[in-house]
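Spelled out from the first residue to the last, the chains are:
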Amino acid sequence: MAILEVGNVSKRFGNFTAIKGVSLNVEAGATHAIIGPNGAGKTTLFNLVSGLTPPSEGEIRFRDRRLARMRPHDIVKVGMARSFQKVNIFPRKTAAENVQVALIANSGMNYNFFRSARRLFHDETMELLALVKCADDADRRAGELAHGRQKQLELAVALAADPKLLLLDEPTAGMSIAETKASIELIKDIVAKRGLTLLFTEHDMNVVFEIASTISVLHHGEIIASGLPHEVRENDDVKRIYLGKD
Amino acid sequence: MTSRPQLIFLLVMFALLAVLPFVGSRYFVELAVQVMIFSLFALSLNVLAGHVGAVSFGHAAFFAIGGYACAFFLTRWGWPLPLAMAGAVVVSAAASFIIGILCVRLNAIYFSMLTLAFSMLVWAIAIKWKPVTGGDDGFVGITMPQALTDPTNFFWFTYAVFAASAAALWVLSASAMGRAFVAVRENAVRASFLGIDTKRMRLIAFVIAGAFAGLAGCLLAMYVRGMYPTTAFWTQSGQVIIMVLLGGVHSFVGPILGATTLYLLETTTHQYTEYWPIVMGLILMVIVLVLPDGLVGLIKRLRPQRRA
Amino acid sequence: MNSLSLGMNLFIIAAGLTLIFGVLRIVNFAHGAFYMIGAYVAFSILQLTGETNVGFALGVVGAALVMGVVAFFVERGLLARLYDKDHMLQLLFTFALVLIIKDIVKMIWGSGQFSISTPPALSGAVNLGISYYPTYMLFLLVTGPVIAIALWYAMERTRWGRVVRAARLDREMLSALGTDVKLVYSAVFVIGSMLAAIGGALAAPRSAVDPGMDALIIIDCFVIVVIGGLGSLAGSFVGALILGFLTIFGSFYLQEWVIVASYVMMVVILLVRPWGLFGKSDEERH
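Nothing here was measured: the structure is a model prediction, and the numbers come from that model. Residue indices begin from 1 for each chain and proceed along its sequence in written order. By the order in which they are written, chains take letters starting at A while ligands take numbers starting at 1. Thresholds applied to this predicted model are a pLDDT of at least 70 for local features of residues and 80 or more for the giving and counting of side-chain atom pairs; totals over whole chains, interfaces and linings are not thresholded and use all residues.

Undergrad: Give a description of the overall build of chain C that names residues and reports values.
TA: Each helix corresponds to a stretch of at least 4 residues labelled H or I by DSSP, and each strand to a stretch of at least 2 residues labelled E; elements are numbered beginning at the N terminus. In terms of helices and strands, chain C carries twelve helices and two strands. Put simply, chain C runs from its N terminus to its C terminus through helices and strands in the order α-α-α-α-β-β-α-α-α-α-α-α-α-α. In terms of principal-axis extent, the alpha carbons of chain C reach across some 55 × 45 × 35 Å. Here a residue counts as buried when 20 or more other C-beta atoms fall within 10 Å of its C-beta, as exposed when 12 or fewer do, and as partly exposed in between; the C-beta atoms come from the backbone. Split into buried and exposed, the 286 residues of chain C put 48% on the buried side.

Have a look at this one:
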């Protein structure tokens, strides 16, 4: 059973159809990439899968549960976490506080009104920060960190939820070549160590072909190809769309 | 929200207050009682505004409901004081639960409008429900426990309630729930993607805020020996918002600072002119245009930068 | 029937509120205070001209003009500084305006209550067959739809209206197209405020002119825009009608508790369709 099943999902905004009859299965343990030109609907698809917006048609199942009536916070509790295309953290809080509140939420301690939060989850917070190489930034405001560091912080925040499925929306966007390399290594490492399933979107084809185990190509809201990397690479439609690209 | 310097500030403040009845005149003791009542009211609003980031424009509703309920239980039903106060807090919490359920699902703009609207409904009910509230003339005359009729005793009573409430709210602010509240304020979308049910958090904050406002209302009713519909009028809600903003919405002690400053300003202004609202309006305008973090923000800016 | 006329008067005021929100995304808490300014200015003008028909017309026009000028300076001088800041700050600004305006009104006119008579041409009653209906109420009943049509025409058929509608949908796009967005904002704020003042001047012969008149008006406006949907002119019209009908039936069964009827309606809308009958959900807006 696939950990994520997207069944013939469509999403309309008024007259505009952003996603048309998309079907997609992500197997547990896979590293699945969604690629496609700008405006293809990648972020919309992410928003559908993570429950931020409901589909106009079709059904999405995560760990064999229908996502239909679930709000994002419930879906997170079932084991999904995500990052955002535009870094979406708590800029006025320190890096440590960002991770700490994620851990608080994950443990359900957000209903605890008497346990002091000062040293709460300190060790776990530092561990996660160390994992994403942000330990030195622990007491710096998240908004003041360099872009690449913020993205890594966001990764730590997502991991704090101990997810089974991790959604990363353009994890290396805006990063330098060195940062991208470091990021890829980090992601590969985390996925291997924690045995989680990764669903991500990317523009950088090098990244995609380096870490993806399966790929889906999205164009104008439709999946035009899906499968193993080399299959997708050889696909005529894909080649046509990416004409001029590598 | 909470920090060591603020804790020290609070302890010093309570220490100084404790000395007041021994050195101050009756006038200052009474003034202190009033300031404490409004400080508690302001602290309660900040559970909403400063923590989950929801600015209620109708918070006076619960202030009034608590006061009226307390007055009613004490005088009409002759309940003993602890029961009457507990009852009043329960009534305020229940009212804030009902209004909260409707309002927390709304975005900030609708939330502001609706909280204002519901508070005016409470005001209208206070005026029309003569048998219970005394209507337009107000609920005049409260049955007080004999001991509390003495001003100094009442001071200590208010002090105790205020200190206990401030302590409880401090613990809340510094707790895991307090962190979650602030997460909801800082980035509600992100918070929900951490697994936090933002609506439920707002509702919890709303009820806590309403309960403590109701408690402050009890104190007011007993101090004034009566309750009047104006307590629920939008100007009262406006005044407490300005108190919180003036002090600084992002800090725990801000509301206390703001309440004290504004209340003293009002008392002084009233000696010269009746035009206090325009002063309030100008203060709010200054805050909004140049000083959104209030006095605490100003203090932070003026202090030399400390290393993180 | 009275309630319907008053409802139509409320529509004019609410239309201004909804217009300002649609473009500036600000809920103008001071809208009731603007209504009040309209009534007081009209009163003063009538003091000068005497309570004649011409005087009344001048009163309405004067109220609108004075309000327009005040709104212009308030917007350009102060409000505009807050456009790129938190919405809450803008809201609080309008709230501060209320406090300031109320006291200024008291300073100029005192705290007493004034009244204006209906202008001679609109006094008396009209025979509607079943009963007599006050002419002025009929006038109010008619002005609502007239202004509604005028607004509709301006929005749908004029170039300016197109610009405003575009600004309502997408402000960034508009500035990218080279339109002077600042001018649009000022114009909309001024016109919205003038609508409130006109509503106030028209309402003056019917209600007391006193420093407390703004409080209940703003709540009624809120009820209307919540029911109809913030930002939608059609919504304001329908909302005003609903409020009018609700008040008629409400007074029947609930008498002085009729105020509860409008709150019940608001609660129902909030539970079923929080963005109002004609409003767009937050999601649709993207």
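Undergrad: Provide a residue-level description of unusual backbone geometry, including the pertinent values.
TA: Positive phi is not limited to glycine here, since Glu170(A) has a value of about 50 degrees. Assignment of secondary structure puts Glu170(A) in the loop between β7 (165-169) and α6 (177-194). We note that Arg225(B) has phi near 60 degrees; this positive angle belongs to a residue other than glycine. Note on placement: Arg225(B) falls in the loop between α10 (198-224) and β2 (226-227).

Undergrad: Can you lay out the packing of helix α2 (residues 26-52) of chain B against helix α11 (residues 234-247) of chain B for me, pointing to particular residues and giving the numbers?
TA: All names here are of chain B. Relative to each other, α2 and α11 sit at 80 degrees, their axes nearing to 9 Å. Between α2 and α11, the angle falls in the class roughly perpendicular. Seen from α2, the contacting residues are Phe 38, Phe 41, Ala 42, Leu 45, Asn 46 and Ala 49; seen from α11, they are Val 240, Ile 241, Met 243 and Val 244. Here the contact of α2 with α11 is built from residues that sort into nine nonpolar, one polar and no charged. Helix axes use the C-alpha atoms of the stretch in contact, all axes being lines fitted to C-alpha atoms, and the angles between their N-to-C directions lie in the range 0 to 180 degrees. Put simply, angles under 35 degrees are roughly parallel, angles over 145 are roughly antiparallel, angles from 65 to 115 are roughly perpendicular, and the rest are oblique. Our contact criterion uses C-beta atoms placed from the backbone: two residues qualify when those atoms are within 7 Å. All amino acids are sorted into three groups, where Ala, Val, Leu, Ile, Met, Phe, Trp, Tyr, Cys and Pro are nonpolar, Asp, Glu, Lys and Arg are charged, and the leftover types, Gly among them, are polar.

Undergrad: Requested: an account of the sheet that holds strand β9 (residues 214-219) of chain A, with residues and values cited.
TA: Residue and element names in this part refer to chain A. In space, the six strands of this open sheet follow the order β6-β7-β8-β3-β9-β10, with mixed pairing throughout. Either end of the sheet is taken by a strand with one partner, and the two such strands are β6 (80-82) and β10 (222-227). Shown here is a sheet whose adjacent strand axes are inclined to one another by a mean of 15 degrees, direction ignored. Against the sheet, helix α1 (residues 42-49) makes contact with β3 (31-35), β6, β7, β8 (197-201) and β9, and its axis sits at roughly 150 degrees relative to β7, the strand it touches most. Only strands joined by at least two bridges in the DSSP assignment are considered to pair.

Undergrad: Which residues make up the interface of chain C and chain B, and what are the values?
TA: Opposite the 32 residues of chain C that make contact, chain B presents 28 residues. Those elements that place two or more of their residues in the side of chain C that touches chain B are α4 (87-109), α9 (213-228) and α11 (259-272) of chain C. Counting residues per element, the side of chain C that touches chain B draws most heavily on α4(C), at 14 residues. Split by residue class, the side of chain C that touches chain B holds 26 nonpolar, one polar and five charged.

Undergrad: Describe the packing of α2(B) against α10(B), with residues and values.
TA: All names here are of chain B. One way to put it is that α2 packs onto α10 with a least axis distance of 9 Å and a crossing angle of 170 degrees. Of the possible angle classes, the one that applies to α2 and α10 is roughly antiparallel. Considering only residue class, the contact of α2 with α10 consists of 21 nonpolar, two polar and one charged.

Undergrad: Please provide a residue-by-residue account of the pairing of strand β1 (residues 4-13) of chain A, values included.
TA: Residue and element names in this part refer to chain A. Where β1 lies against strand β2 (residues 16-26), seven bridges are found, and the strand directions are antiparallel. What sits directly across from Val 6, in β2, is Leu 24. Connecting β1 to the antiparallel partner β2 that follows it, the hairpin turn spans two residues, and Gly 14 within it adopts a positive phi of roughly 65 degrees. Across five bridges, β1 lies against strand β4 (residues 57-62) in antiparallel orientation. The residue of β4 that forms the bridge with Gly 7 is Glu 59.

Undergrad: So, the interface of chain B and chain A: which residues are in play, and what are the values?
TA: Taken together, the 21 residues of chain B in the interface contact 31 residues of chain A. When residues of the side of chain B that touches chain A are traced back to their parent elements, those giving at least two are α7 (151-174), α8 (176-186) and α9 (188-192) of chain B. The element best represented in the side of chain B that touches chain A is α8(B), accounting for seven residues.

Undergrad: Before we move on, can you summarise the pairing of β7(A) with the specific residues and values?
TA: Residue and element names in this part refer to chain A. A large share of β7 lies buried, amounting to five of its five residues. In β7, alternate side chains face the same way, and those of Leu 165, Leu 167 and Asp 169 on one face and Leu 166 and Leu 168 on the other are all buried. Summarising the sheet, β6 and β7 pair through three bridges and their orientation is parallel. Its bridge partner being in β7, Met 80 is matched across the sheet by Leu 165. With five bridges connecting them, β7 and β8 associate as parallel partners. Counterpart to Leu 166 in the pairing with β8 is Leu 198. Running through α6, the crossover from β7 to the neighbouring parallel element β8 is right-handed. Handedness of a crossover is defined as follows: with both strands directed away from the viewer, a clockwise route from the first strand across the helix to the second makes it right-handed.

Undergrad: Break down the sheet that holds β1(A) for me, with residues and values.
TA: One open sheet accounts for four strands, arranged β2-β1-β4-β5 (chain A); its pairing is antiparallel. A single partner strand is all that each edge strand has here, and the edge strands are β2 and β5 (65-66) of chain A.

Undergrad: Lay out helix α5 (residues 135-157) of chain C in plain terms, naming residues and giving numbers.
TA: Residues and elements named next belong to chain C. Between its first and last C-alpha atoms α5 spans 32 Å; for 23 residues at 1.5 Å apiece the expected length is 33 Å, and the two agree. Among the residues making up α5, those that are buried are Tyr 136, Met 137, Phe 139, Leu 140, Gly 144 and Leu 151. On its buried face, α5 sits against α1 (2-24), β2 (132-134), α8 (181-203) and α10 (233-254). Multiplying one less than the number of residues by 1.5 Å gives the expected span of a helix.

Undergrad: How would you sum up the nonpolar core? Please name residues and give values.
TA: Residues Ala156(A), Ala117(B), Ala180(B), Ala39(C), Ala42(C) and Ala197(C) are the most contacted members of the largest nonpolar core, which totals 281 residues. A total of 18 residues in this core trace back to one element, the largest contributor, which is α10(B). Ala156(A) has contacts with Val99(A), Leu128(A), Leu129(A), Leu131(A), Val132(A) and Cys134(A), leaving out every residue within four places of it along the chain. We call a set of buried Ala, Val, Leu, Ile, Met, Phe, Trp, Tyr and Cys residues a nonpolar core when their C-beta atoms link them within 7 Å.

Undergrad: Which residues make up the environment of Ala154(C), and what values do they have?
TA: Residue and element names in this part refer to chain C. When you line up the elements, Ala 154 lands in helix α5. Classification of Ala 154 by C-beta neighbours within 10 Å gives partly exposed; the count is 14. In this structure the C-alpha to C-alpha distance between Ala 154 and Val 164, which are ten residues apart in sequence, comes to 9.7 Å. Beyond its immediate sequence surroundings of up to four residues, Ala 154 is in contact with Trp 160 and Gly 161.

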